[in-house]
Amino acid sequence: MTGGPALTVGSVGLDDGDFTRTFRGEGVGVSGLDDLLDRMERDEFDIVAVGRALLQDPHWAARVLDGRFDELGSYDASALTFLR
Ligand SMILES: Cc1cc2nc3c(=O)[nH]c(=O)nc-3n(C[C@H](O)[C@H](O)[C@H](O)COP(=O)(O)O)c2cc1C
C-alpha cells in the first residue's frame, strides 16, 4: 500500500451499514466496538472517523477512551435538529 494513513468511516458504534437512512429520518441502534478494535490491532487502519455517534453524544470519544462502553447509546435522527 502507498500513500498516507488509512482511514475508516461508516457506522462506527452503530448497527447499520447505510448512513443514508439518516436522511429518511431513521434512527439506528447501538453496536459494540469489538470488531473495530480487533481491526485496529491488526493495523487495518490508522484513523477512525465517527459521524452520527458524535452528533448524538459529544462525549462519545471520551466514553470510549475511558472504556465506558455501557454508556454508549443508539442514534436518534432528532440529533440533527439541534447542537448539544
Ligand atoms: C447530516 C449528515 C451530513 C453529511 N454530509 C456529508 C457531505 O456533505 N459529504 C460527505 O462526503 N459525507 C457526508 N456525510 C457522511 C459522513 O461524512 C459519514 O461518512 C457518514 O455519516 C458515515 O459515518 P457515521 O456512520 O459515523 O455517521 C454526512 C452525514 C450526515 C449524518
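Summarised in this report is the structure supplied together with it. (Residues numbered from 1 in each chain as written. Predicted model: local features only at pLDDT ≥ 70, side-chain atom pairs only at ≥ 80, totals over all residues. Heavy atoms only, no water.)

## What about the site of the ligand?
For clarity, the threshold we go by: Proximity criterion: a residue is near a molecule or strand once any of its heavy atoms comes within 4 Å of it. Definition of a polar contact: a pair of N or O atoms within 3.5 Å, with one able to donate and the other able to accept a hydrogen when the atoms are protein atoms, and with sequence-neighbouring residues admitted only if both atoms are side-chain atoms. By the convention adopted, Pro, Cys, Tyr, Trp, Phe, Met, Ile, Leu, Val and Ala count as nonpolar, Lys, Arg, Asp and Glu as charged, and the other residues, Gly among them, as polar.
As a structural note, the neighbourhood of the ligand is formed by V9, G10, S11, F19, F23, V50, G51, R52 and L80. Backbone polar atom of S11 to an oxygen atom of the ligand: 2.5 Å apart, as the coordinates give it. A distance of 2.7 Å separates an oxygen atom of the ligand from a polar backbone atom of G51. A per-class count over the shell around the ligand returns 5 nonpolar, 3 polar and 1 charged.

## Brief notes about the nonpolar core
This is how it is decided: Among buried residues, the Ala, Val, Leu, Ile, Met, Phe, Trp, Tyr and Cys ones that are joined through side-chain atoms within 4.5 Å form a nonpolar core. Think of it in three bands: with a 1.4 Å probe and only protein chains considered, a residue is buried below 20% of the maximum accessible area for its type, exposed above 50%, and partly exposed in between. We call two residues in contact when some of their heavy atoms are within 4.5 Å.
Residues A6, V12, L33, L36, F45, A53, W60 and L72 constitute the largest nonpolar core, which totals 8 residues. With residues up to four places along the chain from it excluded, the contact list for F45 reads A6, L7, T8, L36, R39 and M40.

## Section: the packing of aromatic side chains
For clarity, the cut-off: Classification of ring pairs rests on two measures: the distance between centres of Phe, Tyr or Trp rings, Trp counted by its six-membered ring, which must be within 6.5 Å, and the angle between planes, read as stacked under 30 degrees, edge-to-face over 60 and tilted in between. Either the NZ atom of lysine or the CZ atom of arginine qualifies as a charge over a ring when it sits within 6 Å of the ring centre and within 35 degrees of the ring normal.
This structure, assessed with the given rule, holds 1 aromatic pair. On the basis of an interplanar angle of 75° and a centroid distance of 5.6 Å, the ring pair of F19 and F23 is categorised as edge-to-face. Its guanidinium or amino end placed over the ring of Y75, R52 lies 5.8 Å from that ring's centre, counting from NZ or CZ.

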